[in-house]
Amino acid sequence: MRLMHIISSLKIGGAEAMLVDLVASLARLGYEQEVLAFHDGPNRHLIEALGIHVTIIKGRFFRYDYVFFKRLYEHIKRSRPTLLHCALWAANVAGRVIGRLLNIPVVCAVHLSVGTDGLLRNIVDRCSLGLTSHVVAVSPEVAQSVVDRRWMPANRVTIIENGIDAERVRRAAGQQPVTRAMFGLSDTDFVCGAVGRLITRKNFALLVAVVGKLASICPSV
């Protein structure tokens with residue numbers, strides 16, 4: 001089986017990190033893989049370090065022009081993968097259409113509840129999702145949003161929650177210990193942390209509000 005992963009970006013992000021872990025795990029199982037991306041980023045180096053070829057597809061005049069789609073179509077046609085695995089919105093849409101044109105099965109990973117990406121994207125999603133062979137939702141809530149809107153029948157939606165290689169994380173934590181002293185904190189300080197992009201969807205405003213309330217109760221926050 002030859003797998004082709006198509007993702008909109010290889011920049012820093014959750015879906016991108018999940019793809020790196022997935023590709024690494026499938027490589028250990030002996031799958032032949034290739035990655036296509038539309039925006040380059042540091043995760044490309046992590047994937048290439050595994051011996052997996054990465055191609056960045058670009059347009060001639062702007063990101064998603066006619067030349068971009070022509071290059072993407074021709075590359076997939078030459079490679080003739082057994083399966084297309086797509087992640088992030090632009091890659092999902094492009095993969096669905098080209099997969100149908102070339103009669104290649106397409107599995108789309110959906111990381112957010114559908115219907116939250118704005119009117120235009122919702123219309124495109126609604127019209128194109130049926131071209132997908134199968135949808136992988138990262139949570140029950142995401143899966144339910146697909147089924148509730150009748151964008152995909154329940155028997156073509158599977159929930160695979162995001163996971164981590166716990167042993168690898170333990171090894172990394174042991175090699176690169178982080179201490180409170182590095183940040184000028186004492187052993188009695190109460191520490192809260194959050195990781196994510198500074199965008200509205202991540203709701204850091206809630207974190208700020210909660211920490212403010214905690215600070216009024218516990219001065220060492």
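In this text the structure is predicted, and so the values were computed from the model without any measurement. (Residues numbered from 1 in each chain as written. Predicted model: local features only at pLDDT ≥ 70, side-chain atom pairs only at ≥ 80, totals over all residues. Heavy atoms only, no water.)

*Asks:* For this particular structure, what's the right way to read the pairing of strand E6 (residues 134–137)?
*Replies:* Within a regular beta strand, the side chains point alternately toward one face of the sheet and then the other, so they alternate between its two faces. Relative to E6, strand E5 (residues 106–110) is paired through four bridges, and the arrangement is parallel. The residue of E6 that forms the bridge with valine 110 is alanine 137. This β-α-β element, E5 to helix H5 (residues 119–128) to E6, shows right-handed connectivity. Relative to strand E7 (residues 157–159), E6 runs parallel, the two sharing three bridges. Along E7, the bridge assignment pairs valine 135 with valine 157. Once the chain exits E6 it traverses helix H6 (residues 140–148) before rejoining the sheet at E7, and the crossover so formed is right-handed. (Pairing = 2+ DSSP bridges. Helix = DSSP H or I, 4+ residues; strand = E, 2+ residues; numbered from the N terminus. Right-handed = clockwise from strand over helix to strand, strands pointing away.)

*Asks:* Would you mind going over the packing of aromatic side chains with me for this structure?
*Replies:* How two aromatic rings sit relative to each other is given by the distance of their centres and the angle of their planes. Counted by the stated rule, this structure contains four aromatic pairs. Among the aromatic side chains, those forming a connected cluster through ring pairs are Phe38, Tyr64, Phe68 and Phe69. The ring centre of tryptophan 89 lies 4.4 Å from the NZ or CZ of arginine 121, which sits over that ring. (Phe/Tyr/Trp six-rings, centres within 6.5 Å; stacked < 30°, edge-to-face > 60°. Lys NZ or Arg CZ within 6 Å of the ring centre and 35° of its normal.)

*Asks:* How should the environment of arginine 71 be read in this particular structure?
*Replies:* Inspection of the secondary structure puts arginine 71 in helix H3 (residues 66–79). Take arginine 71: its relative accessible area is 37%, and that puts it in the partly exposed class. As a C-alpha pair, arginine 71 and glutamate 34 span 37 residues in sequence and 16 Å in three-dimensional space. (Buried < 20%, exposed > 50% of the residue type's maximum accessible area, 1.4 Å probe, protein only.)

*Asks:* How should I be thinking about the sheet that holds strand E2 (residues 32–39) in this particular structure?
*Replies:* Pairing between sheet strands relies on hydrogen bonds along the backbone, with the strands arranged either parallel or antiparallel. An order of E3-E2-E1-E4-E5-E6-E7 is seen for the seven strands of this open sheet, with the pairing classed as parallel. Of all the strands in the sheet, the pair left with one neighbour each is strand E3 (53–56) and E7. Adjacent strand axes in the sheet meet at a mean angle of 20 degrees when their direction is disregarded. Here H3 sits on the sheet in contact with strand E1 (2–9), E2, E3 and strand E4 (83–87), set at roughly 180 degrees to E2. Strand contacts of H6: E5, E6 and E7, with the helix running at about 170 degrees to E7, the strand carrying the most contacts. (Axes fitted to C-alpha atoms, helices over the stretch in contact; angles between N-to-C directions. Contact = heavy atoms within 4.5 Å.)

*Asks:* Could you clarify how one ought to interpret the packing of H3 against helix H4 (residues 89–101) in this entry?
*Replies:* In helix packing, the relevant descriptors are the interaxial angle and the interaxial distance, both defined with respect to the helix axes. Between H3 and H4, the shortest axis-to-axis distance is 11 Å and the interhelical angle comes to 50 degrees. Between H3 and H4, the interaxial angle falls into the category oblique. Crossing angle aside, the handedness with which H3 passes H4 is right-handed. Mapping the contact onto sequence places Phe69, Leu72, Tyr73 and Ile76 in H3 and Ala94, Ile98 and Leu101 in H4. (Parallel < 35°, antiparallel > 145°, perpendicular 65-115°, else oblique. Left-handed = near helix turned anticlockwise from the far one by under 90°.)

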